[in-house]
Amino acid sequence: MDSRTSDQALLTPLRKTATTGLKIVIVGGFGVGKTTMVRSVSEIRPLSTEETMTRAGVGVDDAFDVRDKTTTTVAFDFGRISLNDQMVLYLFGAPGQERFWFLWDRLFLGALGAVVLIDTRRLEDSWYAIDRLEHQETPFVVACNDFGGPVYTLDQVRNALDLSAHIPLIECDARRRDSSKTVLIELVNHIHALSAAAENTR
């Protein structure tokens, strides 16, 4: 959170002037920081469906690189952030484990766009998310969450993911409100640019 008190940030009411609600989905592999991003940027107390990880997930969920992780999202996370007096983003954090991927298509319905959050130590975990978004033609940006692992340039990450040049790729720290907000602004700008380009081709 930023310098505002936690109570102020968690109890921010929806502005009466709000007229436009935009749905954004945050997707990515297991343990990449989706819940953390929603929590860091939401102006309300996020709805979370995290449950304690149990022995039942051993051999099912690959937790090798996230051994300190003790909870996991089993449905989705929900938060909200006001961009201005009229426009509000509703944030949905999708579960990362493969056994919950069947929920993703439902979460994508009505979504204006998506953030693919990645851990550069486990790039392969983001392939499915990118494939699904491309298949559904949902605009998205890719954000490299900082886990203090090996340092790769954005060009190296782009090449490894085979990302098209027009898809924004940025670095972020999902724990920081300002960093998470920058990712969302990048997505909104990307969607606006795609919309303008589509208008120009008509």
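See the structure shown above.
Residues numbered from 1 in each chain as written. Predicted model: local features only at pLDDT ≥ 70, side-chain atom pairs only at ≥ 80, totals over all residues. Heavy atoms only, no water.

Student: Which residues make up the packing of helix α2 (residues 34-41) against helix α6 (residues 177-200), and what values do they have?
Tutor: Viewed as axis vectors pointing N to C, α2 and α6 meet at an angle of 100 degrees, and their least axial separation amounts to 8 Å. Considering their axes alone, α2 and α6 lie roughly perpendicular with respect to each other. Contacts between α2 and α6 involve Met37, Ser40 and Val41 on the former and, on the latter, Arg177, Ser180, Lys181, Val183 and Leu184. Its residues assigned to classes, the contact of α2 with α6 comprises four nonpolar, two polar and two charged. (Axes fitted to C-alpha atoms, helices over the stretch in contact; angles between N-to-C directions. Helix = DSSP H or I, 4+ residues; strand = E, 2+ residues; numbered from the N terminus. Parallel < 35°, antiparallel > 145°, perpendicular 65-115°, else oblique. Contact = heavy atoms within 4.5 Å. Nonpolar A, V, L, I, M, F, W, Y, C, P; charged D, E, K, R; others polar.)

Student: Quick rundown of the pattern of salt bridges? Include the residues and the values.
Tutor: Taken as a whole, this structure holds six salt bridges when the rule is applied. Between glutamate 43 and arginine 80 there is a salt bridge, with the nearest N and O atoms lying 2.9 Å from each other. Within this pair, whereas glutamate 43 is found in the loop between α2 and β2 (50-52), its partner arginine 80 is found in strand β4 (residues 77-82), the two being separated by 37 residues in sequence. As far as burial versus exposure is concerned, glutamate 43 and arginine 80 are alike and both buried. For aspartate 119, the salt bridge identified is with arginine 121, shortest N-O distance 2.7 Å. (Salt bridge = Lys/Arg side-chain N within 4 Å of Asp/Glu carboxyl O. Buried < 20%, exposed > 50% of the residue type's maximum accessible area, 1.4 Å probe, protein only.)

Student: So, the sheet that holds strand β5 (residues 87-93): which residues are in play, and what are the values?
Tutor: Here we have six strands laid out as an open sheet, ordered β4-β5-β1-β6-β7-β8, and mixed in their pairing. Taken across any chain shown, the strands that pair with only one partner, and hence form the sheet edges, are β4 and β8 (169-172). Here the average twist between neighbouring strands, direction ignored, is 25 degrees. Together, β6 (113-119), β7 (140-145) and β8 form the strand contacts of helix α5 (residues 154-161), whose direction differs from that of β8 by roughly 120 degrees. Packed onto the sheet, α6 meets β1 (20-28), β4, β5, β6, β7 and β8 and runs at close to 160 degrees relative to β7. (Pairing = 2+ DSSP bridges.)

Student: I'd love a proper account of the environment of histidine 166, names of residues and values included.
Tutor: Positionally, histidine 166 belongs in the loop between α5 and β8. Distance in space between the C-alpha atoms of histidine 166 and histidine 190 is 8.9 Å, their sequence separation being 24 residues. Among all residues touching histidine 166, those that are not within four sequence positions of it are His190 and Leu194.

Student: I'd like a rundown of the state of the cysteines, residues and numbers included.
Tutor: Applying the stated criterion to the full structure yields zero disulfides. Counting only cysteine sulfurs, cysteine 172 is the nearest neighbor of cysteine 144, a cysteine outside any disulfide, at a range of 7.6 Å. On the basis of relative accessibility, which here comes to 6%, the residue cysteine 144 falls in the buried class. Cysteine 172 gets classed as buried once you look at its relative accessible area, which sits at 6%. (Disulfide = S-S within 2.5 Å.)

Student: Which residues make up the packing of aromatic side chains, and what values do they have?
Tutor: Here the structure, examined in full by the defined rule, presents two aromatic pairs. Note on phenylalanine 78 and tyrosine 90: the rings are 6.0 Å apart at their centroids and 10 degrees apart in plane angle, and the pair reads as stacked. A residue pair is termed long-range when its members are at least 10 positions apart, and phenylalanine 78 in strand β4 and tyrosine 90 in strand β5 qualify at twelve residues. Grouped by ring-pair contacts, the aromatic residues Phe78, Tyr90 and Phe92 constitute a single cluster. Of note, lysine 23 hangs over the ring of phenylalanine 92, and the distance from its end group to the ring centre comes to 5.0 Å. (Phe/Tyr/Trp six-rings, centres within 6.5 Å; stacked < 30°, edge-to-face > 60°. Lys NZ or Arg CZ within 6 Å of the ring centre and 35° of its normal.)

Student: How would you explain the environment of isoleucine 170 if you had to name every residue and give the values?
Tutor: Structurally, the position occupied by isoleucine 170 is in strand β8. On the accessibility criterion, isoleucine 170 (16% relative accessible area) is buried. Residues isoleucine 170 and glutamate 186, 16 residues apart in the sequence, show an inter-C-alpha distance of 8.7 Å. Dropping the residues within four chain positions of it, isoleucine 170 is found in contact with Val142, Ala143, Cys144, Leu154, Val183 and Glu186.

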